[in-house]
Amino acid sequence: MENAVITKYQTVDGFRRGNGVLTRLLVGKENAASTIFTSGTTVFPVGGGAPMHSHNCSEQVTILAGEAEVIVDDVSTVLTRYDTTFIPAEKPHRFINIGENDLTILWIYGARDVTRTFTETGETVAHLAVGDQV
């Protein structure tokens, strides 16, 4: 029987994604062998964001702190604390910090093997791999 996983947030090494963006993996195949999802947080500095992209799986994002603009289906929506999105697989989207403080999001992917495809270039990279930059 597999052991439970308890993650202490401050002990998780961050993955620096460029432009001051920091991502922390909370649950994934690296630390929970039988997981069927992948989750973590990303902190965006003021003005920071991810380029338009899509994933090979569905994604839920909840705003934990700050103010964001999400763009999906050419529609821009302002999000604040605890607002939540569900983005289906292969749906291009992006989040941008439009607030005056850091934006922190909690993301949950509906898969254990996650990819990101950058809309502008068509390049696909593994989630949190070297090429997964903003």
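Residues numbered from 1 in each chain as written. Predicted model: local features only at pLDDT ≥ 70, side-chain atom pairs only at ≥ 80, totals over all residues. Heavy atoms only, no water.

A.B. asks: Requested: an account of the sheet that holds strand β10 (residues 103–109), with residues and values cited.
C.D. replies: Strand order across the open sheet formed by six strands is β1-β2-β3-β10-β5-β8, with antiparallel pairing between neighbours. Lying at the two open borders of the sheet, with one neighbouring strand each, are β1 (15–16) and β8 (84–87). Sheet topology places β1 next to strand β2 (residues 22–27); two bridges connect them, and they run antiparallel. By the bridge assignment, F15 is partnered in β2 with T23. (Pairing = 2+ DSSP bridges. Helix = DSSP H or I, 4+ residues; strand = E, 2+ residues; numbered from the N terminus.)

A.B. asks: Report on the side chain of N97, specifying residues and quantitative values.
C.D. replies: By secondary structure assignment, the location of N97 is in strand β9 (residues 93–97). Residue class for N97 comes out buried when judged on its relative accessible area of 3%. Of note is the side chain of N97, whose polar atom sits 2.9 Å from the backbone oxygen of N101. Contacts of N97, omitting those with residues within four sequence positions, involve F44, P45, V46, G47, G48, E67, D102 and L103. (Buried < 20%, exposed > 50% of the residue type's maximum accessible area, 1.4 Å probe, protein only. Polar contact = N/O pair within 3.5 Å; in protein donor to acceptor, adjacent residues only side chain to side chain. Contact = heavy atoms within 4.5 Å.)

A.B. asks: Account for the nonpolar core, naming residues and giving values.
C.D. replies: By size, the foremost hydrophobic cluster in this structure holds 17 residues, and its most contacted members are F44, I63, L79, L103, I105 and W107. For this core, the elements supplying multiple residues, two or more each, are β5 (59–65), β6 (68–72) and β10. For this core, the leading source of residues is β10, giving four residues. (Core = buried A, V, L, I, M, F, W, Y, C linked by side-chain atoms within 4.5 Å.)

A.B. asks: Quick one: what's the story with the pairing of β6, residue by residue and with numbers?
C.D. replies: Within β6, four of the five residues are buried, leaving the element largely enclosed by the surrounding structure. Where β6 and strand β7 (residues 75–79) come together, five bridges link them in antiparallel fashion. When the bridges of β7 are listed, V70 appears paired with T77. The antiparallel hairpin formed by β6 and β7 contains two residues in its connecting segment, where D73 sits at a positive phi of about 55 degrees.

A.B. asks: So what's going on with unusual backbone geometry? Residues and values would help.
C.D. replies: At D73, a position not held by glycine, the phi torsion is positive, near 55 degrees. Structurally, D73 is set in the loop between β6 and β7. Judged by relative accessible area, which is 52%, D73 ranks as exposed. Positive phi values are uncommon outside glycine, yet D74 reaches one of about 60 degrees. For D74, the location among the structural elements is in the loop between β6 and β7. The class of D74 is exposed, set by a relative accessible area of 79%.

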